[in-house]
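Geometric and topological summary
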Amino acid sequence: MTKQGIRIRKALYIVLWLGTLFSLILYLGIAFGFFTKEKIVTKEVEKEVQVVPDNYLFLGDSLTDYFDLETYFPGQPVVNSGIAGNTTNQILTSMKTRVYDYNPSKIFLLIGTNDLRDGKSQEAVVQNIEEIIEEIQTNRKQAEIFVESLYPVNASVSSAVGVRSNATIQNINAQLEEYCKEKNLTYIDLYAKLQDEQGNLQIQYTADGLHLSDAGYQVVAEVLQEYLK
């Protein structure tokens, strides 16, 4: 037999020997419980639902800015994103810092009275408010939106009311209420809670015919509390 044949035979012996040894080890392992068969059961995949932590954002102008949320809603996760003098356009140009960065779970929107101060048309005010809402729905889909009616004014108290009129405010509110019905949003009629028999802002609820007194904010807080639960 040639040297090459001898090497091939030795290699075959080694392979056979290793195969026999492996079989023996496997047999002993199964016999003594070292190796066991395991049945794998896959769990049904559960649907994940994104949950936004409670964070209640109040968005608007001075009527929101002057609202002492911590006093009226103690211990609740309230954020005041109101800036005195703001208009709908100013909010639209600062949505990231005013809304998105807070990642709110609920948003209470009250804006538009300063647009009337500046002579903006009713249609333009409503259109901008709708755009604010749609921007929020696009960028923060999980946020629940509450649209507050514009508050009444009382020109007999002071000149702070300016060119604003309750007739115009009521027309805007009617359009906002209709929009909320169409879009399945919550509309909160605070105008009705703050007006007197003539449809003006009740004197005890205001400091200057435009902004609210502590008594006025107490009324607003009692209404809004129901929506923070």
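Structure: above.
Here is a short report on the structure shown in this document. Model, not experiment: these values are computed from the prediction.

About the thresholds
Position numbers for residues start from 1 in each chain and track the written sequence from start to end. In keeping with the predicted nature of the model, local features appear solely for residues at pLDDT of at least 70, side-chain atom pairs appear and are counted solely at 80 or more, and the whole-chain, interface and lining totals rest on all residues. The side-chain figures draw on all heavy atoms in the structure; neither hydrogens nor water molecules are used. When accessible area is computed with a 1.4 Å probe and restricted to protein chains, residues below 20% of their type maximum are described as buried, those above 50% as exposed, and intermediate ones as partly exposed. Only DSSP runs of H or I reaching four residues or more are called helices, and only runs of E reaching two or more are called strands; each is numbered from the N terminus. Here the rule is simple: two strands pair whenever DSSP picks up at least two bridges between them. Here a crossover is taken to be right-handed if, once the strands point away from the viewer, the path from the first strand over the helix to the second is traced clockwise. Here, two residues are considered to be in contact whenever any of their heavy atoms come within 4.5 Å of each other. To estimate the expected span of a helix, count its residues, drop one, and scale the result by 1.5 Å. A residue's bend is simply the angle between two axes: one fitted to the seven residues ending at it, one to the seven starting at it. As used here, the arc belongs to the directions running from the helix axis to the C-beta atoms.

Observations concerning the pairing of strand E4 (residues 144-148)
In terms of burial, E4 is a largely internal element, 4 of the 5 residues being buried. Where E4 lies against strand E5 (residues 186-188), 3 bridges are found, and the strand directions are parallel. Bridged to Glu148 within E5 is Ile188. Of the crossover connections in this fold, the one passing from E4 over helix H8 (residues 166-183) to the parallel E5 is right-handed.

Considering the side chain of Ser213
The topology assignment puts Ser213 in the loop between helix H9 (191-194) and helix H10 (214-228). Ser213 has contacts with Gln204, Tyr205, Thr206 and Ala207, leaving out every residue within four places of it along the chain.

Quick word on H10
End to end, H10 covers 20 Å across 15 residues, agreeing with the expected 21 Å (1.5 Å per residue, within 8%). Of all the bends in H10, the greatest, near 25°, is centred on Glu222. Among all positions in H10, only Gly216, Tyr217, Val219, Val220, Ala221, Val223, Leu224 and Leu228 are buried.

Structural notes on H8
For H8, spanning 18 residues, the distance from its first C-alpha to its last is 25 Å, which sits close to the expected 26 Å at 1.5 Å a residue. Among all positions in H8, only Asn166, Ile169, Ile172, Asn173, Leu176, Tyr179 and Cys180 are buried. With its buried residues spanning 140° around the axis, H8 presents them on a single face. The exposed residues of H8 that point more than 90 degrees off its buried face are Lys181 and Glu182. The secondary structure elements touched by the buried residues of H8 are helix H6 (113-117), helix H7 (122-139), E4, E5 and H9. Downstream of H8 by one or two residues, Asn184 has phi in the positive range, about 60°.

In short, the description is geometric, and any link to function would need to be established separately.
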